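Here is how the chains run, residue by residue.
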Amino acid sequence: MRRLRRIGSGAAALLLLAGLATACSSSTNQTASCTVSRNGTPVTSGIPAGPTSTNLSLNPEVATGFRTGMTPVRTGDFAVSTANPVATEAACKVLRDGGTAADALIVAQTVLNLVEPQATGIGGGAFLMYYDNTAKTVDAYDGRETAPAAATPDYLRYISAAVHTVPQPNARASGRSIGVPGVLRLLELAHNEHGRQPWKDLFTPAINLADQGFEISPRMAEQIGESKADLARDDNAKAYFLQSDGSPKTAGTKLTNPAFVKTLSAIATDGPNAFYTGAIAADIVDTTATTSASRTPGLLSLADLQSYQAKKRTAVCSPYRDHQICGMPNPSSGGITVESALGILSNFDLSAMKPTDLSGNGDKARDGGKPTAEAVHLIAEAERLAYADRDKYIADSDFVPLPGNSPDKLLDPNYLKQRAALIDPHKSLGTAKPGDFGPVPVGNGLQQPEHGTSHISIVDKYGNAAAMTTTVESAFGSFHFVDGFILNNQLTDFSAEPVDKDGAPVANRLDPGKRPRSSMAPTLVFDRNPDGSRGGLHMVTGSPGGSVIIQFVVKTLVGVLDWGMDPQQAVSMIDFGAANTPTTYLGGEHPAVAAADNGDHDPLVQQLRQEGDQVSVAPQSSGLSALVRDGSGWIGGADPRREGAVLGSPR
Ligand code: GLU
């Protein structure tokens with residue numbers, strides 16, 4: 001039987017202190033520096049048994065195993081975590097040489113473009129949360145792709161007003177999915193405001209790597225194999241990712257990318273205008289417009305590229321127990337939905353529901369123990385309620401305002417308390433209803449899959465921090481490859497159907513110039529002063545994973561803030577949670593989940609099912625990283641499900 005205990009803030013404070021003590025004392029051994037040492041062993045390839053087509057729509061990037069027993073990395077005053085050790089090392093060196101988090105982001109992003117092109121690159125978009133420790137400001141940067149001016153609400157579902165056939169071979173792999181890339185304008189804006197090193201120099205590591213070559217990683221190879229038929233449709237992608245006989249290039253193959261050397265050299269010298277105007281822009285437009293029997297062209301124009309702007313938005317910050325959580329506002333749903341779930345959870349005593357097997361130094365403890373049925377149910381229910389509001393109300397607020405024209409209504413503590421009261425400890429809501437904010441001009445949200453992303457967490461020696469989640473949307477984006485990089489398929493994050501079943505306009509419908517709703521949730525956590533104001537920086541985190549990002553980030557925040565885990569334990573912990581559907585996910589790739597026979601022999605799965613929850617043990621593919629302040633420096637954790645690594649200054 002589950003009992004959900006509701007608490008007041010005094011108890012929460014004590015429990016939080018207990019949690020921090022655990023986090024400090026349980027960290028182990030690894031002291032970091034900018035060398036190639038990494039936490040954990042390299043990811044092993046091989047897909048754990050059992051993804052079904054439903055799972056694949058949630059996890060379109062391949063699942064590539066689990067590095068068990070990873071240890072947290074303890075650093076001095078700076079630290080960086082990216083999804084690949086080569087990118088982490090390059091970014092770490094910039095920090096070591098006096099660069100800021102904004103400088104290191106440029107290095108990490110351009111190197112990741114080479115070593116993790118399935119997930120991220122300059123042909124995609126990103127959201128960045130940045131803490132400036134001198135000004136004590138938190139800024140939210142929006143480098144989300146925009147829809148072309150010529151796009152109509154039917155752009156993704158009909159070839160034209162006259163031809164009501166889906167774009168070929170499908171919306172995602174056609175030119176229709178390609179939005180104006182936003183990454184470089186975002187990096188330019190952040191660098192102008194927070195950079196110290198010359199823009200030009202920050203491209204040198206990626207230029208050298210593209211020129212001298214690098215090895216295809218196991219995860220990249222796995223994804224090339226998965227995507228080979230789609231990559232073969234594009235001549236440039238085919239030449240770069242496949243062998244001459246059409247088979248996929250394998251792990252360990254050395255790749256050079258001369259086209260990317262040329263592209264990056266132009267951007268390094270002439271700035272992002274070299275990308276948004278001139279020869280590279282023309283190549284992007286031409287590639288998007290390529291007509292062939294198998295690919296419907298997109299309508300991106302030179303004017304779309306030239307007029308693109310990254311935007312600075314107001315960070316969404318709200319209290320959670322003794323901390324303040326700051327996240328990304330619209331057009332990402334990430335910040336509001338994470339904070340809405342946490343706001344609901346703050347009405348319950350989660351610290352009394354710690355996972356089992358958490359203490360000690362064995363693999364079970366390092367992998368985050370095993371959550372209880374009570375906690376999984378409660379957190380999944382809070383997420384269902386948060387996603388219900390997200391699905392209906394959140395879109396690009398430059399086009400569709402939120403209820404009350406700000407995130408405040410959705411995050412009002414009294415409103416979230418009412419939402420918390422809808423949770424029954426013994427019965428799932430299945431599908432929760434969105435809150436009622438009176439007449440609003442939007443219909444019901446429609447589900448659409450999202451996926452293909454990387455997360456970067458950085459703190460520099462000046463105390464600044466960056467959390468940036470950066471994406472080409474699905475793995476290898478739209479499979480269009482031009483001038484050495486992949487073009488995104490971000491527009492499929494719009495609802496392809498512009499109206500709901502009652503004919504009411506969907507908030508996340510496509511409109512010209514609009515940004516598709518995202519779930520990316522780069523997150524900064526601060527201490528909270530007794531008067532409620534923001535204190536010092538406590539944690540930097542985020543993850544890829546499409547709409548499931550929200551669940552990955554909530555689990556990690558609860559792990560650190562409620563359960564006293566170190567960041568490695570929190571990111572390693574079983575990925576669990578729910579969107580607004582009856583299925584609760586419990587990642588079967590984790591060694592603590594007995595995933596065979598659909599989880600039938602796993603005691604946690606059995607307990608949840610006995611209480612009526614529908615449980616899936618499909619493997620999850622989070623790519624979390626977390627850096628948590630620890631007295632004299634930082635402790636970092638990287639996700640065992642991908643290839644990431646944490647490095648920083650030695651202690
Ligand atoms: N396109 C998704 C979003 O913006 C991210 C995809 C992923 O994380 O794999 O939310």
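Shown above is the structure to which this text applies.
Let me begin by describing the structure that accompanies this report. Just so you know, these numbers come straight off a predicted model, no measurement behind them.

Each value, and the rule that gives it
- Residues numbered from 1 in each chain as written.
- Predicted model: local features only at pLDDT ≥ 70, side-chain atom pairs only at ≥ 80, totals over all residues.
- Heavy atoms only, no water.
- Helix = DSSP H or I, 4+ residues; strand = E, 2+ residues; numbered from the N terminus.
- Buried < 20%, exposed > 50% of the residue type's maximum accessible area, 1.4 Å probe, protein only.
- Contact = heavy atoms within 4.5 Å.
- Areas by Shrake-Rupley, 256 points an atom, 1.4 Å probe, with all protein chains shown as cover.
- Pairing = 2+ DSSP bridges.
- Axes fitted to C-alpha atoms, helices over the stretch in contact; angles between N-to-C directions.
- Expected span 1.5 Å × (residues − 1).
- Disulfide = S-S within 2.5 Å.

### Observations regarding the overall build of the protein
Looking only at helices and strands, the protein features 19 helices and 22 strands. By the burial criterion, 63% of the 651 residues in the protein qualify as buried. The long-range share in the protein, meaning contacts at least 24 apart out of those at least 6 apart in sequence, stands at 75%. For the protein, the exposed surface amounts to about 21300 Å²; the carbon and sulfur share of it is 53%.

### Regarding the sheet that holds strand β3 (residues 79-82)
One open sheet accounts for seven strands, arranged β8-β5-β4-β12-β11-β3-β22; its pairing is antiparallel. With one partner strand each, in any of the chains shown, β8 (311-314) and β22 (645-648) form the two edges of the open sheet. Going across the sheet, the axis of each strand differs from the next one's by a mean of 15°, ignoring polarity. Running at roughly 155° to β3, helix α3 (residues 85-96) makes contact with β3, β11 (453-459) and β22 of the sheet.

### Side note on helix α5 (residues 183-194)
Compared with the 16 Å implied by 1.5 Å per residue over 12 residues, the 16 Å span of α5 between its first and last C-alpha is a close match. Among the residues making up α5, those that are buried are Val 183, Leu 184, Arg 185, Leu 186, Leu 187, Ala 190, His 191 and His 194.

### Quick look at the state of the cysteines
Across all of its chains, the model carries one disulfide by this definition. One disulfide bridge connects Cys 317 with Cys 326, the sulfur atoms lying 2.1 Å from each other. Because the sign of the S-S torsion sets the handedness, a value of about 115° for the bond joining Cys 317 and Cys 326 places this disulfide among the right-handed ones. Classification of Cys 317 as partly exposed rests on a relative accessible area of 30%.

Read these as layout, nothing more, since geometry by itself doesn't imply function.
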